[in-house]
Every structure is written in C-alpha cells, then in structure tokens.
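The lines below spell out each chain.
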Amino acid sequence: MTTKIPDISPQQLAHIKRAVPFALSFLLVPLVWITAFIGGWTVVLLPIVTWYLFSIIDSFLGLNLDNADPEATDDDLFWYRMITLLWMPAQFLTLFGLLWYVPQADHLGGWEKFFVFFGVGVMTGTIGINYAHELMHQKNKIERFWADALLAMVLYSHFRSEHLLVHHRYVATPRDPVTAHYSEGFYRFFPRVLRQSLRSSFRAEKAMLARKDRLWTDRRNPFFRYWALQATFLFLAILLGGWVGLLLFLVQAGTAIWQLELVNYVEHYGLTRKHLGDGKYEHVHPRHSWNAAHRASNWLLINLQRHSDHHYKPDRRFPVLQNYGQEAAPQLPYGYPVMTVMAMMPRVWRRVMNPRVRKWREMYYPEITDWTNYNKGTTPYPR
C-alpha cells in the first residue's frame, strides 16, 4: 500500500539537511528559558508558537506528500535518530534547571511562574511524549529507557504499556480506551481515558506475566520501574525547588498529559474496525487512523500526523512513515495544532468532524446500516 517508486532514496535521506527541519523542536528549549528570564507577557510564548505559529507556517508551506524509501537502514537514518536521542537530556536539563531557577526568581509573580510551567508542559507533552512514543517502539534498550525517562518526567509512565500492549492491538475497537467514540466530546473522553488507560495498561502487563506463570509482583513488571522513575523525579523536584518546585512540576505534568490526550482524541475519532462476529474484528488498515500531511506541523511532531502508516507498520521509524491519499486513509482538514485547539470546542469539533466520519463510513462500510453500537462502543469486546 506504499508508493512503488519512493520519492526519496536512502542516499538522499541520509543527508543531514533533510533531518534538520525535524530538529525545529529544539528551538523551544531557549524559548522557555527566555520566558523564565523575562517573565511578563513572554510566558505565553510556548503555547503561541506550538499551537498557532506552526499552523500559520502550515498554511504557507502546504502539504508534504513525498514518501521516503521504507527500506532505509538505521545507518541511513543516523541524523534522525540523533534528534530523538538528544531530546531526553535536553528536556531533563531544561525541566529541572527551571525547577531550581523559577521558585527563587523574585521578578516572577505566582501566575507568571504558573504559566512558565504551563509552557514547559506544552513542550514536554507536545514534544517530549511524542519523542517517547517514537523511542518506545524501537528495540534498542537505550532508546526504550530514554522513552521511560521522558514519560516519568510527566508522571505518565504507564502510557508505554498502554500504547504497545493495548492501543496498537485493539485500536478502533471497544477495548481501546484511546479511540474516541463518535460524538464523544473531549471533556467526556479525557476523564474516561485517564481512568481506563491506567487500568488497561496494568491488566495487560499482569496478563503477560501470568502467561509466564508469574505474579504481578514479579520484578519484571515494568510498573515497578515506572514508579521508581516517577518517585525519583518527584523527589528531585522537591530537592531543587522545594514545595513550590513540586507544585510547578505537577503543573507541567498535568499540562503534558492533557496535550497527549488531546492528540489521542484527534487521531482515531469516530473510526472503528468492522466487527466480523464472535468477537473478531478486521485487521488494522490505514483507514483506521486520521492522516495529515501538513509540512510544518509534521516537522514539529516528527511525522506523527502520518498516523495511518504508523498503525499499519508500527515498527517504522518516523522519517520513513508513508503518506496516504484520501482513497486509502481519512484526511484531517488541518494539522494537529489546529485540530487539538478545535477539540477543546466540542460544538465546533462535531460540526467539522462528524460529517467527515459519516463520509468515511459511506466510503468504506456501505453495508453497515446501523451504527448505534459502534457509536456507543458497545460492540463485543475483541477476543
């Protein structure tokens, strides 16, 4: 289902100049320090840049429909891998450096300190969790540990288990908490997914251990690593910034989680796999994820918006994720920065997206005439 002749060869892909645009996220690091040093109106710069500036750039640069050769090797992708590997230490030094600096900064008022760390949370959620998502899918142990560290910095370590063991297996079925139901507003989705994803991720790890005749208390349960890392970062926040530092750390973590779940809400909204009977569902196809080819926001989000191919081929690294046209995958009208803002306005969201979901159903599943159970998520649980 990918293009027969790649637009970008492995040799072309290996040039550093092709990787550089994907490193634009690193510009957020000095920007967040500027907000802390200056304060005042600058504390809103991070949300403005990530939500609005990249959307404006998208409108000028348009879509990127080129596909790189999916057979490119890790050697060909060296510079892209360096981007994802370098982010973790950059985020660590920024987050904990600010936790030391901001609580004692006399020029910052209480609300300014809050909004500095709200901006930090936009960064750790929009970029940090996204990079963790890329790293957790790799086999390299260092990359996977980097993913664990990034998720622990936002107190959402179970996302790795939920994403790998639940979401990818059960996406677009009732067993996947992250698949937003048709007409389900974000403010209903958010508390539901917070509750259900924690439970489902723990149950998935417990079930894996049980298949090996081990209890959930076995040291191989990754939740012990998750809890240890999170406790370490909470302690470090108190050590560097006192109780104010702990509060600011929680502000950024909460903001990051909110950013992640806004993206999760957008990625599969209203899309469902066909129930074949007896708890069986069709295989995952590109049509079960919303796709977006907007150039600038894909630079910022390292091709996360090519989500249709990510679910079709989860082991592909971000530079070789393929773009699909509207004949193979449903297309978002805008990139994620616009769509996540729109998701916070349920009436606007439904006005824009519900007709697209209905069109998608008519295109791929004309034989289904009653969507009631799909809309409510009450079709049988997959086996």
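Residues numbered from 1 in each chain as written. Predicted model: local features only at pLDDT ≥ 70, side-chain atom pairs only at ≥ 80, totals over all residues. Heavy atoms only, no water.

Visitor: Which parts of the structure should I look at to understand the overall build of the chain?
Guide: Looking only at helices and strands, the chain features 15 helices and two strands. Relative to the globule expectation of 21 Å for 383 residues, the C-alpha radius of gyration of the chain, 21 Å, shows essentially globular dimensions. The principal-axis extent of the C-alpha atoms belonging to the chain is close to 65 × 50 × 45 Å. Relative to its full complement of 383 residues, the chain shows a buried share of 56%. Nonlocal contacts in the chain, meaning residues at least 24 apart in sequence, comprise 73% of its contacts between residues at least 6 apart. When the 41 basic and 29 acidic side-chain charges of the chain are each reduced to a single mean position, those positions are 6 Å apart. (Helix = DSSP H or I, 4+ residues; strand = E, 2+ residues; numbered from the N terminus. Rg over C-alpha atoms; globule rule 2.2 N^0.38 Å. Buried < 20%, exposed > 50% of the residue type's maximum accessible area, 1.4 Å probe, protein only. Contact = heavy atoms within 4.5 Å. Lys, Arg positive; Asp, Glu negative; His and termini not counted. Charge placed at Lys NZ, Arg CZ, Asp CG, Glu CD.)

Visitor: Looking at this structure, how should I read the pattern of salt bridges?
Guide: Close approach of charged atoms allows side chains with opposite charge to pair. Applying the stated criterion across every chain yields a total of eleven salt bridges. A salt bridge links Arg-225 to Asp-148; the nearest nitrogen and oxygen atoms lie 2.9 Å apart. Here Arg-225, found in helix H10 (residues 222–268), pairs with Asp-148, found in helix H7 (residues 141–152); they are 77 residues apart in sequence, far enough to count as distant. The partner of Asp-309 in a salt bridge is Arg-316, with the nearest N and O atoms 2.8 Å apart. Look at Asp-309 and you get buried, because its relative accessible area is 0%. Each member of the salt-bridge network shares a partner with another, and the members are Asp-74, Glu-143 and Arg-317. (Salt bridge = Lys/Arg side-chain N within 4 Å of Asp/Glu carboxyl O.)

Visitor: So what exactly am I meant to see when it comes to unusual backbone geometry here?
Guide: Keep in mind that most residues, glycine aside, have a negative phi and that most peptide bonds are trans. Residues other than glycine seldom take positive phi values, yet Ala-172 does so here, at roughly 65°. With respect to the helices, strands and loops of the structure, Ala-172 is situated in the loop between helix H8 (159–170) and helix H9 (186–210). For Ala-172, a relative accessible area of 2% translates into the label buried. Positive phi outside glycine occurs at Asp-278, with the angle close to 55°.

Visitor: Help me out: how do you make sense of the packing of helix H5 (residues 78–101) against H10 in this one?
Guide: Each pair of packed helices gets described by two things: the angle between the helix axes and the distance between those axes. The contact between H5 and H10 brings their axes to 8 Å, and the two run at 95°. When the axes of H5 and H10 are compared, the pair comes out roughly perpendicular. Of the residues in H10, those in contact with Phe-92, Leu-95, Phe-96, Leu-99 and Trp-100 of H5 are Phe-233, Leu-236, Ala-237, Leu-240, Gly-241, Gly-245, Leu-248, Phe-249 and Gln-252. Split by residue class, the contact of H5 with H10 holds eleven nonpolar, three polar and no charged. (Axes fitted to C-alpha atoms, helices over the stretch in contact; angles between N-to-C directions. Parallel < 35°, antiparallel > 145°, perpendicular 65-115°, else oblique. Nonpolar A, V, L, I, M, F, W, Y, C, P; charged D, E, K, R; others polar.)

Visitor: Would you mind going over the packing of aromatic side chains with me for this structure?
Guide: A full pass over the atoms with the stated rule returns 40 aromatic pairs. Considering the side-chain rings of Phe-26 and Trp-87, the 5.2 Å spacing of their centres and the 80° angle between planes classify their relative orientation as edge-to-face. In this pair, Phe-26 is assigned in the loop between helix H2 (16–19) and helix H3 (28–38) and Trp-87 in helix H5, connecting sequence segments 61 residues apart. Ring geometry for Trp-360 versus Tyr-364: centroids 6.0 Å apart, planes at 55°, classification tilted. Of the two residues, Trp-360 and Tyr-364 are both situated in helix H14 (residues 346–364); the distance of four residues between them amounts to about one turn of the helix. Neither residue differs from the other here; Trp-360 and Tyr-364 are each classed as buried. (Phe/Tyr/Trp six-rings, centres within 6.5 Å; stacked < 30°, edge-to-face > 60°.)

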